[in-house]
Structures are given as structure tokens and as C-alpha cells.
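Close look at the chain arrangement
This is what each chain is made of:
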Amino acid sequence: MQTLTKRCWTSLQVFRLITTNNHINGGCIEFCGFKAFASKAGNNADYCRELVKKFDFENYLWCLLMPKEVQRAAFAIRAFNVEIAQVRDVVSEKKIGFMRMQFWKDVLQNINEGSPPQMPVAVELAGAVRYFKLSRRYLSHLLEGRADQLEIDGFTSVKEVEKYAENTVSSLHYLMLECLGVKNVHADHAASHIGKAQGLTTLLRATPYHAQQRRVYLPIDIIVKNKVSQEDVIRGRNEQNIRDAIFEVASLAHQHLEIARSFHKDVPKTAVPAFINTVPCDLYLKKLQKANFNVFEPKLQERNYFTSSAFMAAEIKRQILILK
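Residues numbered from 1 in each chain as written. Predicted model: local features only at pLDDT ≥ 70, side-chain atom pairs only at ≥ 80, totals over all residues. Heavy atoms only, no water.

Okay, the overall build of the protein chain next. Summing up its helical and strand segments, the protein chain has 18 helices and two strands in all. Out of the 324 residues belonging to the protein chain, those deemed buried represent 54%. Taking the contacts inside the protein chain whose residues are at least 6 apart along the sequence as the reference set, 72% of them involve residues at least 24 apart. A total accessible area of about 15600 Å² is found for the protein chain, and carbon and sulfur atoms account for 51% of it. (Helix = DSSP H or I, 4+ residues; strand = E, 2+ residues; numbered from the N terminus. Buried < 20%, exposed > 50% of the residue type's maximum accessible area, 1.4 Å probe, protein only. Contact = heavy atoms within 4.5 Å. Areas by Shrake-Rupley, 256 points an atom, 1.4 Å probe, with all protein chains shown as cover.)

Okay, structure coming up:
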């Protein structure tokens, strides 16, 4: 554990540099057991890193905290997730969305056959799959989960949200555990619950954004139970019944985090880096509680709350100590 802690705090120096100066030092790229100085290989890795930095900043910071030997794979996996997660928001018609998803399905098939298309994310992902022997089913679950969302306009139940989170978030954790060489049933169970907690929390965090687009993704069973009007959510009203609905979803997310933590004695220490990105989830739930579960509280939308290096560093250290 001492080695892991030392490695994490070395990575945190990079973390502070990023949050303070918004800069990455150049140099050689280590991946697949060799150093790649080739311009094309470097550009592919840089593209994935910058894509994650632009559209998934919290997980960009998390990738920087991963052990050096798996960072490039982590960025490749997260870049793939960014590509398919954006489809719903950037297409004007479902038909076009399905075409894009089919394109990525073909990319995965080509990767499996050893002939990925010459585009940055595909090339980097193929390298990660090949070197770390990543399970194809997790990538397929991730893609299928995103594709399924194109066909529906919301979730009928909390169980449906959890299923979606299992496919689209937990699968990312399973892939990172494989990159870290962790094969442990307790780590898998923890990853499953963490993914569900993050999925539910992301749903809450995105509620104001969705409301601005006149969309409501809060589970219908929770909305009906608390007699919530979707129009009130869209208008961003701080009504008691809306806060009650948010409380239910937040409580379930917290329960999943607590269940995940209950496995800490049985999870290998080498798995800890894969779970550090639970910190923003935990912080948001605490902040939401302080806001009396008013999901529209402006302070909850401030990114600097999550990117404060000192605060994040303290929370990461606390998480590491919990898993000792």
C-alpha cells in the first residue's frame, strides 16, 4: 500500500500542475511495453487525451492519477466513451444517431479482426485491447447501452437507470480493472455498485441541463410516487416534492457507494486507482445534501468545486486510507 500511495501522490503533482497551469509536458509516450516517438502514434495519443480533457474533464484528471503504464489505455477507453456518449446530443435525427452507432460497432468488429480504421480513437483503443487483452463484451455493452438510449426519451424506473449505468459506467471500471491486471470477484462487485452510483449521480447532475432542453430523465416511478410535474422540473422549480424525488435517487446512489466500500477488505490494493474517480460522485452527493436536495442550486453546477486540486487531493488521500 505504501508503494501505491507514493505513486498516487507523485501523480497528484501532475494533477496540481494541470489544474493550476492547464498544461501538459511533452515527451515520449509509453504504451504496450515500448516508447513511441513516431509522430503519428504521438498524435493519436494526444488526440485521445485532448478529447477527454475537453469533454470529460473529471475523468481526464482521474486518468492522470492512473499508474503510468496504463494511462494511455485509460485515455483511449475514455475517448471511445466520449465519442459514443456525444452521439445523442450532436445528431438531429435518430436515424443519423443509429448510423453513427453502427459505425462504431463496425470499428469494434474491425478491432477484433486486427484491422482498426486509421483514426486516432480506433487505433489507440485497438492498442489497448491487444496489449491488455481487454474483454470485448465490456466494450460491446458500453456501445449497446448508449445505442439503446437513442430509442427512448427517458427511464421508466430506477431499475432501468441502474441497468443503463451497469452497461455504460460499470463496464468502464471493468475495463480499467483489466488494464491493472486485477481479476477479483470482490473488485468486480465494487465496480458494479460504483458504476450504478455514478450513473444515478450523473443523472442528477445533468437534470438542470436536461431541463433547459425541455427533457426530463428522472425515473418515471419516482416522479409518479412523489407527484412531480415534469413541467415544474423543466422550469427548475425548487418544490418540496421535487426535492423528495431527488432525495430518493441520491439516497440510492449513496447506498451503492456504501456497498462498494464494504468490499474494501477483500479488494486488492492494485485495484484502488480504478476507483479514485468516485471522488466527484461522493463530493456531489454531499454538496447536494447541504443544498437540501435542490438540484437546481447554482453552486452545484460550478466546475471549480470539483477541480480544486487541494480539495480533490485531500479527498483522494482519504479514499486511499479507507482502502488500506
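With 61 residues, the main nonpolar core has Phe-80 and Phe-275 as its most contacted residues. A total of nine residues in this core trace back to one element, the largest contributor, which is helix α4 (residues 68–85). Apart from residues lying up to four places away in sequence, Phe-275 is in contact with His-173, Leu-177, Ala-187, Ala-190, Ala-191, Ile-194 and Val-267. By size, the runner-up hydrophobic cluster in this structure holds 33 residues, among which are Ala-211, Ile-223, Val-228 and Leu-257. (Core = buried A, V, L, I, M, F, W, Y, C linked by side-chain atoms within 4.5 Å.)

A few words on the packing of helix α3 (residues 57–64) against α4. At their nearest, the axes of α3 and α4 sit 9 Å apart, and the two run at 160° to each other. Regarding the angle of α3 to α4, the classification is roughly antiparallel. Both α3 and α4 take part in a crossing whose hand is right-handed. In contact with Asn-59, Tyr-60, Trp-62, Cys-63 and Leu-64 of α3, α4 contributes Gln-71, Ala-74, Phe-75 and Arg-78. (Axes fitted to C-alpha atoms, helices over the stretch in contact; angles between N-to-C directions. Parallel < 35°, antiparallel > 145°, perpendicular 65-115°, else oblique. Left-handed = near helix turned anticlockwise from the far one by under 90°.)

Another aspect to go through is the pattern of salt bridges. Inspection of the entire model under this criterion finds 14 salt bridges. Among the ionic pairs, Arg-78 bridges to Asp-56, the shortest N-O distance being 3.8 Å. Remark: Asp-56 occurs in the loop between α2 (39–55) and α3 and Arg-78 occurs in helix α4; sequence separation between them is 22 residues. A salt bridge links Glu-124 to Arg-72, with the nearest nitrogen and oxygen atoms 2.7 Å apart. Residue Glu-124 is found in helix α7 (residues 120–132), and its partner Arg-72 is found in helix α4; the two are separated by 52 residues along the sequence. As far as the burial class goes, Glu-124 and Arg-72 line up, both buried. (Salt bridge = Lys/Arg side-chain N within 4 Å of Asp/Glu carboxyl O.)

This brings us to the confidence of the model for the protein chain. Of the residues in the protein chain, 80% have a pLDDT of 70 or more, and the chain-wide mean is 84. This stretch, residues 1–39, has a pLDDT under 50; its non-local contacts, to residues over four places away or in other chains, come to 68 contacts. (pLDDT = per-residue confidence, 0-100.)

To continue, consider the side chain of Ser-135. Within the secondary structure, Ser-135 sits in the loop between α7 and α8 (136–149). When neighbours within four sequence positions are excluded, Ser-135 is seen to be in contact with Leu-175 and Glu-178.

Further remarks concern the environment of Asn-277. Looking at the secondary structure, you find Asn-277 in the loop between α15 (272–275) and α16 (279–290). Judged by relative accessible area, which is 6%, Asn-277 ranks as buried. Here the alpha-carbon distance between Asn-277 and Leu-61, two residues 216 residues apart in the chain, equals 8.6 Å. With sequence-adjacent residues up to four places away left out, Asn-277 is seen in contact with Asn-59, Trp-62, Arg-78, His-173 and Gln-198.

All right, on to α7 then. Spanning 13 residues, α7 covers 18 Å between terminal C-alpha atoms, matching the ideal 18 Å at 1.5 Å per step. Of all the positions in α7, only Val-121, Ala-122, Glu-124, Leu-125, Ala-126, Gly-127, Ala-128, Val-129 and Phe-132 are classed as buried. Remark: Lys-133 follows α7 within two positions and exhibits a positive phi of approximately 50°. (Expected span 1.5 Å × (residues − 1).)

A word on the side chain of Asn-294. Tracing the sequence through the fold places Asn-294 in the loop between α16 and α17 (304–307). Its relative accessible area of 11% is what places Asn-294 among the buried residues. When near neighbours in sequence (up to four residues on either side) are disregarded, Asn-294 contacts Asn-238, Arg-243, Leu-288 and Leu-300.

Moving on, we come to the packing of aromatic side chains. Each pair of aromatic rings is reported with the distance of its centres and the angle of its planes. Inspection of every chain in the model, using the stated rule, returns nine aromatic pairs. With 4.9 Å between their ring centres and 85° between their planes, Tyr-131 and Phe-132 make a pair best called edge-to-face. The class of Tyr-131 is partly exposed, set by a relative accessible area of 40%. Owing to a relative accessible area of 15%, Phe-132 belongs among the buried residues under this scheme. Taken together, the aromatic side chains of Phe-57, Tyr-60 and Phe-75 make up a single cluster linked through ring pairs. (Phe/Tyr/Trp six-rings, centres within 6.5 Å; stacked < 30°, edge-to-face > 60°.)

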